[in-house]
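# Analysis of the macromolecular model
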Amino acid sequence: THFGFRTVAKNNKAEMVADVFHSVAAKYDLMNDLMSFGIHRIWKRYTIDCSGVRRGHRVLDLAGGTGDLTAKFSRLVGEEGQVVLADINDSMLKVGREKMRNKGIVGNVSYVQANAEALPFPDNYFDCITISFGLRNVTEKEKALRSMFRVLKPGGRLLVLEFSKPVLAPLSKIYDTYSFHVLPRIGQMVTKDAESYRYLAESIRMHPDQETLKGMMADAGFENVTYNNLTGGIVALHRGYKF
Ligand code: SAM
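Residues numbered from 1 in each chain as written. Predicted model: local features only at pLDDT ≥ 70, side-chain atom pairs only at ≥ 80, totals over all residues.

## Quick look at the UniProt feature "binding site: S-adenosyl-L-methionine" (unreviewed entry) in the protein
- Feature annotation in UniProt assigns "binding site: S-adenosyl-L-methionine" (unreviewed entry) to the following positions: T66, D87, N115, A116 and S132.
- Dropping the residues within four chain positions of it, A116 is found in contact with L62, A63, I131, G134, V138, A144 and S147.
- Note on S132: 22 C-beta atoms within 10 Å, which makes it buried.
- Beyond its immediate stretch of four places on either side in the chain, S132 contacts K44, T47, L69 and L161. (UniProt positions renumbered as here; feature names shortened; annotations may be inferred. Contact = placed C-beta atoms within 7 Å. Buried ≥ 20, exposed ≤ 12 C-beta atoms within 10 Å, placed from the backbone.)

## So, the sheet that holds strand 1 (residues 58–62)
- With mixed pairing, the 7 strands of this open sheet are ordered in space as 3-2-1-4-5-7-6. The sheet is open, and its two edges are formed by strand 3 (109–113) and strand 6 (223–230), each paired on a single side. Strand after strand, the sheet turns through a mean of 15 degrees between neighbouring axes, direction not considered.
- One ladder, built from 4 bridges, connects strand 1 with strand 4 (residues 126–132); its direction is parallel. What sits directly across from V59, in strand 4, is C128.
- Of the strands in this sheet, strand 5 (152–163), strand 6 and strand 7 (235–241) touch helix 9 (residues 210–219), which is tilted by about 155 degrees from strand 6. (Pairing = 2+ DSSP bridges. Helix = DSSP H or I, 4+ residues; strand = E, 2+ residues; numbered from the N terminus. Axes fitted to C-alpha atoms, helices over the stretch in contact; angles between N-to-C directions.)

## A short note on helix 4 (residues 68–77)
- In terms of residue burial, helix 4 counts as a mostly covered element, since 8 of its 10 residues are buried.
- For helix 4, the complete set of buried residues consists of D68, L69, T70, A71, K72, F73, S74 and V77.
- Where helix 4 is buried, its residues touch helix 3 (40–49), strand 1, strand 2 (82–87), helix 5 (90–102), strand 3 and strand 4.
- Looking at the residues trailing helix 4, positive phi occurs at G78, about 70 degrees.

Take a look at the structure:
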């Protein structure tokens, strides 16, 4: 049936995403630096600066992977705060946990294997939720956004850092060539897995643009939704509040 077909297609996406991140987990951090020329560090720094996170806050780093944001939040919230690194993929969580241990970050971080579409946390729990380069991989984005809204405290904010639509046509062309032709080659060289990086390029192309994502966040209940383009809109940081 029509519905049967849709279910199959969705399961395939979730399975493919799982395969991709199991395959790249060990080399994930290295690949991020190579692919973005280190610029992902600036995008993440900016996200932290916009988070409003302070001592004592509870933060959810959703689809947190190897924990770049978790490490920074852990310092900001201090001993009386809490950071939850949640990810659907146990290989990524493992690398993340190992990395935090190596950095000496232990006391205020916990690790939860969870699907963004059905978060296993109480209502109104977190002061801030970030999802950095994660939403693109989620099958049911609307459901995930509603789930994030539920677990966010009133007064809390959601930050979505994600690839978006470059604002200038020439940049868009160069970027398309880069992501479809160069990325899979770097992937092949470093991880022996060009296919995962073809998926990455495809998922970036399919992801909702700035205005569409803004509308989706508003539909999920978020208020005062705004976004900033970073690096000419290659990436955008969306912000929304729960009041
Ligand atoms: N946030 C990290 C960063 O910015 O470097 C990791 C981003 S990585 C590109 C995407 C992560 O999303 C992967 O670790 C993947 O396992 C996770 N992910 C994919 N689908 C998910 C879902 N439905 N729920 C939770 N995490 C998911």
